[in-house]
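Reading the structure
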Amino acid sequence: WRGPMVLLGHSKGGNLAVYAAMNAPEPVQRRVTAVYSLDGPGFPSQIVGSDPYRSVMPLIVKIVPDSSIVGMILETPEPMRVVRSDQKGVMQHLTFSWQVSGNDFEYLPQVSPSSQLFNRLLNGWLESLSTRSSACSVLVRSVVLMSVLLLQPESVPRFLPQMPPAFLLPEI
């Protein structure tokens, strides 16, 4: 196929679509007209600051649900289009929960405050870590904490004091 290409992926596939656009040979890159990342995680800050990322950033269309968790992981400097979901918490990651009106999604002006908080906290954590294993550990802990925040916000004051010190967030 020698014509124009649109790259699209959901979750890690969205991340891989962006990665493919960044790393494709120049003749292939010129054929890419858009890159859709559906609730895909971003990239570390050193990647989003790179020339290859900046060169494809105008092509990226990032679509996330209103309480996105996965799509808020790592850095995502491109604008996000936020869609309404009929699910709560991590279940919003399922694209079948994204609401449609006519022939397009139902869009919202921004992600929820809990999603914004998750983004700030997790990315602050990840920036402070030096190893991949630490990042994986933090990621697991953050998903547990975010689940508590989203599903039972009234229990957070009781939940946090019971967490071991290594589980808690550093000051950001």
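The structure under discussion appears in the preceding block.
One structure accompanies this document, and this report is about it. Since the model is a prediction, treat every value here as computed from it, not as a measurement.

Considerations on the pairing of strand β2 (residues 32-38)
- With five of seven residues buried, β2 is to be regarded as a mostly interior element.
- Pairing geometry for strand β1 (residues 5-10) and β2, over six bridges, is parallel. Its bridge partner being in β2, V6 is matched across the sheet by A34.
- Across four bridges, β2 lies against strand β3 (residues 60-65) in parallel orientation.

Quick word on the environment of L108
- Checked against the element boundaries, L108 lands in strand β7 (residues 107-108).
- With 42 residues separating them in the primary sequence, L108 and D66 have C-alpha atoms 7.3 Å apart.
- Leaving out residues up to four positions away in the same chain, L108 has contacts with D66, V82, V83 and R84.

Overview of helix α5 (residues 113-128)
- For α5, with 16 residues, the first-to-last C-alpha span of 23 Å sits near the 22 Å given by 1.5 Å per residue.
- Buried residues of α5: S115, F118, N119, L122, N123, W125 and L126, and no others. Buried positions in α5, seen along its axis, are confined to an arc of 155° and lie on one side of it.

The rules behind each value
- Residues numbered from 1 in each chain as written.
- Predicted model: local features only at pLDDT ≥ 70, side-chain atom pairs only at ≥ 80, totals over all residues.
- Heavy atoms only, no water.
- Buried < 20%, exposed > 50% of the residue type's maximum accessible area, 1.4 Å probe, protein only.
- Helix = DSSP H or I, 4+ residues; strand = E, 2+ residues; numbered from the N terminus.
- Pairing = 2+ DSSP bridges.
- Contact = heavy atoms within 4.5 Å.
- Expected span 1.5 Å × (residues − 1).
- Arc of directions from axis to C-beta.

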